[in-house]
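Report on the structure
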Amino acid sequence: MRDRRVKNSISPEWTLLEIRTPKRHDFEHRESVHGGDMRDRRVKNSIFPKWTLLEIRTPKGHDFEHRESVHGGDMRDLNRRNTMLTLDQFEGACEVVKRVTLETKLVYSDFLSTHTGNKVYLKPENMQFTGAYKVRGAYYKMSTLTEEERARGLITASAGNHAQGVAYAAQCYGAKATIVMPTTTPLMKVNRTKGYGAEVVLFGDVYDEACAKAYELADEHGYTFIHPFDDLTVATGQGTIAMEIVKELPLVDYILVPIGGGGLAAGVSTLAKLLNPKIQVIGVEPAGANCMQESIKAGKVTTLPRVNTIADGTAVKTPGSKLFPYIQQNLDDIITIQDEELVVAFLDMVENHKMVVENSGLLSVAAVKHLKVRDKKVVAILSGGNMDVITMSSVVQQGLIFRDRIFTVSVLLPDKPGELCRVSGVIAGESGNVIKLEHNQFVSTNRNAAVELRITMEAFGTEHKHQIMEALEKGGYQPKLVRANI
């Protein structure tokens, strides 16, 4: 039997006790403190069914200085809010989010299935109205707030997708929304957030700095803060994705889920295990922002000193503390992905599925190739598709370079008529396509002996590139690969 001390704002010198006892013990004791309506209630914990939590109720309007109950959840007026991730909560959330979400049917990927030996399906949350799954948690959270909480105005911090989800949900409820976004947020996400009627404040280089600013503004103006991930109600809304996956593919073996702060992973993994404990849920993080992986290794929430990744939506230094116990309990493994893999994955999705998926959403696609299994049913969650065209252009170019579809070669040749035509003929003979030429006459003091010609060209891939290089060598040139410059 264990207790936890909680300070009550009515009488700071008194404490209330949250009491846990083995399931077989039955309590009927009722007591009150200073005339307050303090009662306990038995609730089955779906994560640890051997224990029963006795909830503590107090009169509405009585605040707790320390808000904590089940596994780090908010301890508020439990007569109105359940802070646990339970099957009943998820089922209720599924009905609520249907009001604002599109049906994102699984898409079978012939390309990824062929390359991995598994049956790979994509869950295209990038096709949601707001361009990402985040609207699920934001709208569900909004549905649980009181009229007074919504009337105070809402505030959140986000790298873009949660911002749009909160802005859209606030618009649906006629509430004011203020969104604090990192200064590095893509312009498209900023403009779309403003388009839903929200006020946008740009602050900080990463999410954590923007979040600190949002808390500051919430305290200053009395806004209701909606955390983008470290909130069990928000995580419940995000987890509805798992319900849809299991309904459509009941025998799913693996679910790959991107991780930033952990809200999506906590919701999806918890519900997946409730529905079928045999489902393997694998989290995927950028190698340059693997805060959850480091936290699990340390056995506690850990803050990274810095983050460095092109996956801006998952560039988080510190994962959610309230979600962490659920991640520890239900997530089977974490895979980390290098930025170069995301670039190639973007090209694969555009060319093979005609879909635009943002870098954070591509984490699960890149992770498919890391699974050491075959003949399994695998679902990769595409968490979002909000990418501005400038970033898109850069990623496409880099993807073509990584795939040897574009490369640059340097050759030395005499500075005399006909040499350019001759080297071009060699390339044309191998079906290479020249897209850029750079002529440098100052590589040598003797121009008649040699000038440098840098040729950027298109090829069909690595094998074709090698064929062109061999042809240039046979033609009497000494080609050298240099960094491609488009």
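Every chain begins its residue count from 1, and numbering advances along the sequence as written. The predicted nature of this model means local features are confined to residues of pLDDT at least 70 and side-chain atom pairs, given and counted, to a pLDDT of 80 or more, with totals for whole chains, interfaces and linings taken over all residues. Excluded from the side-chain calculations are hydrogens and water; all other atoms, namely the structure's heavy atoms, are used.

Across its full length, the chain carries 16 helices and 18 strands. When accessible area is computed with a 1.4 Å probe and restricted to protein chains, residues below 20% of their type maximum are described as buried, those above 50% as exposed, and intermediate ones as partly exposed. Across the 486 residues of the chain, 55% fall into the buried class. Restricting to contacts in the chain with at least 6 residues of sequence separation, those with at least 24 account for 69%. Surface accessibility of the chain: about 22100 Å² in total, with carbon and sulfur atoms responsible for 49%. Counting from the N terminus, the helices are the DSSP runs of H or I reaching at least four residues and the strands are the DSSP runs of E reaching at least two. For this analysis, residues touch if any pair of their heavy atoms sits within 4.5 Å. Per-residue accessibility takes into account occlusion by the displayed protein chains alone, with areas from the Shrake-Rupley method and a 1.4 Å probe.

Within this scheme a cavity is a closed region of a 1 Å grid, computed over the protein atoms alone, that accommodates a 1.4 Å probe without allowing it to escape, whereas a pocket is open but has protein on both sides within 12 Å along at least five of seven lines; lining residues each have an atom within 4 Å of a point. Grid points are joined across faces, edges and corners, and a volume is the space filled by probe spheres set on the points. Applying the stated criterion across every chain, the model contains 1 cavity of 30 Å³ or more. Looking at the largest cavity, its volume works out to about 290 Å³. Together, 26 residues line the largest cavity, and Tyr133, Lys134, Gly260, Gly313 and Thr314 are the ones closest to its centre. Contributing elements (two or more residues each) for the lining of the largest cavity: helix 5 (161-173) and helix 9 (263-275).

To continue, consider the pattern of salt bridges. In the sections that follow, a salt bridge refers to a side-chain nitrogen of Lys or Arg positioned within 4 Å of a carboxyl oxygen of Asp or Glu. Enumeration according to the criterion identifies 19 salt bridges in this entry. The salt bridge involving Arg136 is made with Glu125; its shortest N-O contact spans 2.8 Å. Here Glu125 lies in the loop between strand 6 (119-124) and helix 3 (135-144) and Arg136 lies in helix 3, a separation of 11 residues in the sequence. Accessibility expressed as a relative area gives 0% for Arg136, which makes it buried. Under the relative-accessibility criterion, Glu125 is labelled buried at 0%. Of the charged contacts, one joins Lys189 and Glu358 as a salt bridge, the two residues approaching to 3.1 Å between their closest N and O atoms. With Lys189 in helix 6 (residues 187-195) and Glu358 in the loop between helix 12 (339-353) and helix 13 (363-367), this residue pair connects regions lying 169 residues apart in the sequence. Put simply, Lys123, Glu125, Arg136 and Glu244 are held in one network by salt bridges that share partners.

Attention now moves to a nonpolar patch on the surface. Residues enter patches when they are more than 30% accessible in relative terms and free of salt bridges; like-charged ones are connected within 9 Å and nonpolar ones (Val, Leu, Ile, Met, Phe, Trp, Tyr) within 5 Å. Among the surface-exposed residues, Leu420, Val434 and Leu437 lie close enough to one another that they form a single nonpolar patch of about 230 Å² accessible area. Along the chain, Val434 falls in strand 16 (residues 433-440). The exposure class assigned to Val434 is partly exposed, which follows from its relative accessible area of 34%.

In terms of residue burial, strand 15 (residues 406-413) counts as a mostly covered element, since 7 of its 8 residues are buried. Strand pairing follows a simple DSSP-based rule, namely that at least 2 bridges must link the two strands. Here strand 15 runs beside strand 17 (residues 451-458); their pairing, made up of 8 bridges, is antiparallel. Across the sheet, residue Thr408 finds its bridge partner in strand 17, namely Thr456. Alignment of strand 15 against strand 18 (residues 480-482), held across 3 bridges, turns out to be antiparallel. What sits directly across from Thr408, in strand 18, is Val482.

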